[in-house]
Structure formats: structure tokens, C-alpha cells
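# Tertiary structure, described
Listed here are the chains, written in short residue letters.
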Amino acid sequence: MGLWLEQQRIERQKQTALKLAAAVAALMLVIVLLLLFLTEETRGGVWLAGLVPILIITAICYRMALRYACDTHQLEQTYWENEERKIHSILESIKDGYYELDERGRFLAVNPALSEILGAPAHELLGASYQEYVGKQDALKLKHAFRWVSHTGTPVQQIDWAFVQRDGQRRLVEGSIVKISEKSGGVTGLRGIIRDVTDRRQAEQTINHMAYHDALTDLPNRRLFEAELTIALSQAKQQGQMMAILFFDLDRFKYINDSLGHYFGDCLLQSLSHRLKENVGSAGILARMGGDEFTMIFPAISDETEVIALADRIIASLQSPLQVEDRECIVTTSIGISIFPRDGEDTQTLMKHADAAMYSAKEKGRNRYNLYSSTMSLHAAERLAVEQELRKALERNEFSLHYQPQLDCKTNQVVGVEALLRWRHPEWGMVSPAEFIPLAEETGLIVPIGEWVLRTACQQNKAWAEAGYPSLRIAVNLSARQFQQENLVGMIKQVLQETQMQPQFLELEITESAVMQNATRFIGILHELKNLGIWLSIDDFGTGYSSLSYLRDFPINRLKIDRSFVNDITENEDAVIAKSIIAMAHSLQMNVLAEGVENEVQLTFLREQQCDEMQGYYCSKPLPAEQLEEWMQQSGTTALAVWGK
């Protein structure tokens, strides 16, 4: 381009000088002709005298014009050299790459930015074909684009491709293509600007991945799962195939999270997700919906046996311990399954039914799968209604306490009472504790409800004492969820202080399974409570998995034999269990109370085995405070002696 411009400038300067000299010569010639016309007699001399000055003046004018043209050329040349230096400086400094290609696609010019993008120095690039630095697919795309620009002259403003450096590293770029044609210099080809967008594209991919994947497990999140479910459902409808949705929920994950900490819980979820991915493989799309809930799409199934086999495989895989933070941890999962089109024909219905099936699996004992049935939706609706009403029950004063007396097996004297929660709904009447207490545990409502139970029981015991009745020990159940409160000990201290009840008259009953969830941590809390003077007992003993070494270290006052062993206590197997519990408790200096005593035969057996205390319908069912007072007055002299009435 520079050579052609230089030739054009020189040619233009010569033409300007010749035109100026010719104009001066013509002017002088006119003057001579005028003089000849006016002086006819001296015409020859005038001609000779005029011609010489004309030539001299013409030469001088041409010389001056040529000098002027040269000066002008010098100024122009200086200007263009400055412009070229500016352009060169710009091309050298910009971060975008600049290229020029000849008709055969070889580099004629490159700037440092392009050399950096291609990972090669300029001297290596010049004369090399661009095809050496692109893949086959991009080479074909660029070939068509270059041919289009060359033939039509229409620029391509933006086109994307990838350069491949010598070391195999890919750089994503976007660039422009413009045709150049410099006929004088014989140069034709293409030029353009290239921008490296690798980092930007990677950032966009990262952001897009984060938007559709779970940050903890890197599994698809709810948004991506719902999008994939819509696609899978559409394909199933078009192809007339069945598909399934599986809902996973870890059993008792909240207890693990609360007792071992959120960091341990996160590590457990990561290990679990790896285990699930290994078992699911390419069979379906696994996603984490949040918390400890996972879902899966199982497309194109022939019948439900395929889904059942997968669910069995997943449950079996979790029987092997997970390695989490240098400790082995076994978790189980409950799985709910809904199948298209049998259980629904839209995404929302299928997900709702899989969720209902999962809750049904939990209610049936956990660590199992459950296929959806229509009765589950009704049960789920009832469960939701109970939960909603349960949230309002406390503020509406719908709860009350009933008290069941506990008697000394030898003397029949009342030694204490157990406070039992009751819920009377204004429309439903009495709601079974077996129906609402597990729901209160699961939703966390048991924490405020449990505090109300403790305060009410302490207030009642204090009221009996102020009314002149001898002080009795009052037992209050402490759920596993309450036991995990951060301020449990502080809350109990505050209730005792507010009600002015002596700690030695309060007994806290804790289930065996709740204590064993994190025995090491709970031992410390139990010692804090024991130091306050509070009685501690393990409820439903024999149904859990207590370690005798832990039991020896627990500051427990009493073991309560579960009613399931008392029902058939005269049978050989249950009799052996009851005898063993009583003997073990006494060897550990613990008191023993048998629950669910309903007849004289059971009571006689317990007395023979030297069981300390008992409660059950044989003595009295749980009663409201007023009725319990009446029962005590009517139950005989031993009871009256205790109560002083």
C-alpha cells in the first residue's frame, strides 16, 4: 500500500509542475504575438528577442513549480510517515490482534497481540497459512467466510473460531474480515481485527454452570432438574414411553447436622453424592434439590421393575460406610417413586407424587423405597393440614397435660407422675400423640411445644406443693430434637427459676435412641443437668442400641422398661429381657420403672424380680390434674398417706 501511494504522489507532482510551466510559456507567447502585431516592421527582431526570454522564464517557472511540488511532496511524505508511525504504534500497543492475508491465506502482516494469541513470533507467522493454527471445522468455516468477502467485497463484522497453538492450547477468538485491493502494487487479500475472548467465554461458562449446578456437590440443581424433566417428559410423550422420577431424602440427616456440625454434614453430602453418581451412572439424571434431598430422572423405561432394581441398588450401596473426615459414617435413604403416565402427565404432578411416596417410605420405617399410590396424596394432604393446625395450636391454648401416676412396686405408694401432652382441636377433637408428636419433631415445632410442656408441668407441681400436697417427682419427656438445642440447659434453668420449683423434683426422660445419636456430646449435657439436681431417666429402654460402656458413664438415675417387654412379660423371651434389664440397672446403682403394667400377673412378676416402680392402666390411665387429685383421694389409704389427704 505504501509503494503505491508513493508512486501516485510523484506522478501528481510532475503533472502539476508541467501544467504550471506550460501556462507560463503560453502567457509569454501571447505577449510576443501582441508585440509582433503592433510593430510589423520589427517583427523578426521582436520574435527573436521574445523567444529567448520566454524559454528562460518558462524554465525558471518549471524549476520553481518543480521545487514547490517537491516541498509539497516532502510535507506530505512527512505527514504520511507520521500517520504510518501512529498506525504502527496503535497496532503494536492494542490488545486485539491485527492480520493481513494474501489470496492464498498466508500472513502478510501481524501485530504482537496476534503473535501472543497464536503463541508464535511474528517472523514465524509471516508467510505461514492461517490453516496451520485452526482445527478442521474452523478452517472450513473461515474458508467460506474469506471466499465470501473476497468475491462480494462485503465485510464480515464478527465471526467466532478457535486458534490452536503449537502446544495444543486453544484460544477462543472473535474477529472481522475486510477485503483489501491495491492494484498498483499488485497486492490483494484480506485484513481484520481479532479479539481473544477465551477468558470471557470461560467466565460465562463458569457463571452458567453455577446457575444450573449445586455449589456443594456439583450436581444439577433444581432449576436444571426441572428443565431436564420438561425435556424428558416431552420426549416420553412423543415416543410413547414410560419414565420415572425418584425422590431421595436422607434419614435423620438433621440429627447428624446438629450433633456433628454443618461442616461435617456438607462433607457427608459430598461423599454421598459421589456414591450416588457411581450407582446411577448414565441411567438417569441425578440432581440435588437442596438440603439432604436428591432427585433423579429415569427416562425410557419398559416397566416399573427397572426402577425398583435401581432403587434397591442405591439402598444397598449405602450399606457400606462412607468415609467422612477420618470417620466412617453409615446413612440410609428413603426413596419415593412416581411413574409417567400412570402417576401423572405433567412435571408438577409427578414431582408431587414422588415426594408423597418418599414421605410414605419414611413413615413405614425409612431405609426403603415406595411406589406412589393414590392414597398417599390424601395422606399427604391430611399431614399438611395437621402441620398447619399444629403451628397454631400453641397460641390458641389447645394443648393440655395429663398426668399418669408412678407407684412403688412394694408399697403401692405414689412416688411421682409423668406429664403427657394432649391436643384437643376445636373441630377434630382429641388428636392422637402418635399422629402429631412425630410431625412436631420433624418440623422443629417440638422445641417451643416442649418448653411449654416443661413450664406447665413445673407450674402444676409447684401449685400442688403450695396447696399442701407432699412434693412429688414429675417426669417430662425430652425429645431428641430438644436435646440438640444449643441453650437447652439454660432454658431449663430459666424455667425452674421462673416457677420456683426445686430441681430434685424434676425428672427428664430421654429416649435411648436419642442419647446414642451422639453419646459423647450428650454425656456432657447430661452431667450439667445432673449437677443441677435434676433426675435423669432413659425411656423405652431395650428398644434402641445402647452401648453398655456409654450407659455406665451416663449420670442416669433410672431405666424405664419399654411396654413392649411388659405386655408379654411372662413369656420366656420377654421375661429374660426384663430380668436382664432389672439386674443390669441395679448393678449400675440405677432405679428401674416398668411401663404399661395392665394386670396383676405382670405386677406380681415385676415384684418378684425386685422392679422398683411401675406405671400403667392397672393403676390409672393419664388424667388431667383435677381428676388425678380425685383419683388419689379415692384410691386407698396408701395413696392418701402419700398425699396427706
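Going by the structure above, here's the rest.
Right, let's get into the environment of His527. Locating His527 in the fold gives a position in helix H18 (residues 519-531). For His527 and Asp553, which are 26 residues apart along the polypeptide, the C-alpha to C-alpha distance reads 9.8 Å.

The next point concerns the nonpolar core. Counting 83 residues, the largest nonpolar core has Tyr403, Leu454, Ile492, Leu506, Leu508 and Leu559 as the members making the most contacts within it. Here Leu506 is in contact with Leu454, Cys458, Ile474, Val476, Ile492, Leu496, Met501, Ile534 and Trp535, once residues within four sequence places are set aside. In this structure, Phe264, Leu286, Val307 and Ile337 belong to the second largest nonpolar core, which totals 34 residues.

A separate point is the packing of aromatic side chains. Counted according to the given criterion, the structure contains eight aromatic pairs. With a centroid separation of 5.6 Å and 85° between ring planes, the pair formed by Trp161 and Phe163 is classed as edge-to-face. Here the two residues Trp161 and Phe163 agree in accessibility, since each one is buried. Between Phe399 and Trp452, the ring centres sit 6.1 Å apart and the planes meet at 45°, which makes this aromatic pair tilted. With Phe399 in strand S13 (residues 399-408) and Trp452 in helix H14 (residues 446-466), the pair connects residues that are 53 residues apart, well separated along the chain. Feature note: the residues Phe399, Trp423, Trp428, Phe436 and Trp452 constitute an aromatic cluster, connected by ring pairs. In this arrangement the basic side chain of Arg223 is found over the ring face of Tyr212, its NZ or CZ atom lying 5.4 Å from the centre. Taking the ring centre of Trp535 as reference, the NZ or CZ of Arg473 above it sits at 4.2 Å.

Alternating residues of strand S19 (residues 558-561) divide into Arg558 and Lys560 and Leu559 and Ile561, and every residue in both groups is buried. One ladder, built from three bridges, connects strand S18 (residues 535-541) with S19; its direction is parallel. Bridging from a neighbouring strand, Ile538 pairs with Leu559 of S19. Looking at chain direction, S19 and strand S20 (residues 591-594) are connected through four bridges and run parallel. In the strand pairing of S20, Ile561 is matched with Ala594.

A word on the packing of H14 against helix H16 (residues 488-499). Relative orientation of the contacting elements H14 and H16 amounts to 30°, with a least axis distance of 9 Å. By the angle between their axes, H14 is roughly parallel relative to H16. Relative to H16, the crossing made by H14 is right-handed. Two secondary-structure elements touch here, H14 through Glu451, Leu454, Arg455, Cys458, Gln459 and Lys462 and H16 through Met491, Ile492, Val495, Leu496, Glu498 and Thr499. Partitioned by chemical class, the residues of the contact of H14 with H16 number six nonpolar, two polar and four charged.

Conventions we followed
- Residues numbered from 1 in each chain as written.
- Predicted model: local features only at pLDDT ≥ 70, side-chain atom pairs only at ≥ 80, totals over all residues.
- Heavy atoms only, no water.
- Helix = DSSP H or I, 4+ residues; strand = E, 2+ residues; numbered from the N terminus.
- Core = buried A, V, L, I, M, F, W, Y, C linked by side-chain atoms within 4.5 Å.
- Buried < 20%, exposed > 50% of the residue type's maximum accessible area, 1.4 Å probe, protein only.
- Contact = heavy atoms within 4.5 Å.
- Phe/Tyr/Trp six-rings, centres within 6.5 Å; stacked < 30°, edge-to-face > 60°.
- Lys NZ or Arg CZ within 6 Å of the ring centre and 35° of its normal.
- Pairing = 2+ DSSP bridges.
- Axes fitted to C-alpha atoms, helices over the stretch in contact; angles between N-to-C directions.
- Parallel < 35°, antiparallel > 145°, perpendicular 65-115°, else oblique.
- Left-handed = near helix turned anticlockwise from the far one by under 90°.
- Nonpolar A, V, L, I, M, F, W, Y, C, P; charged D, E, K, R; others polar.

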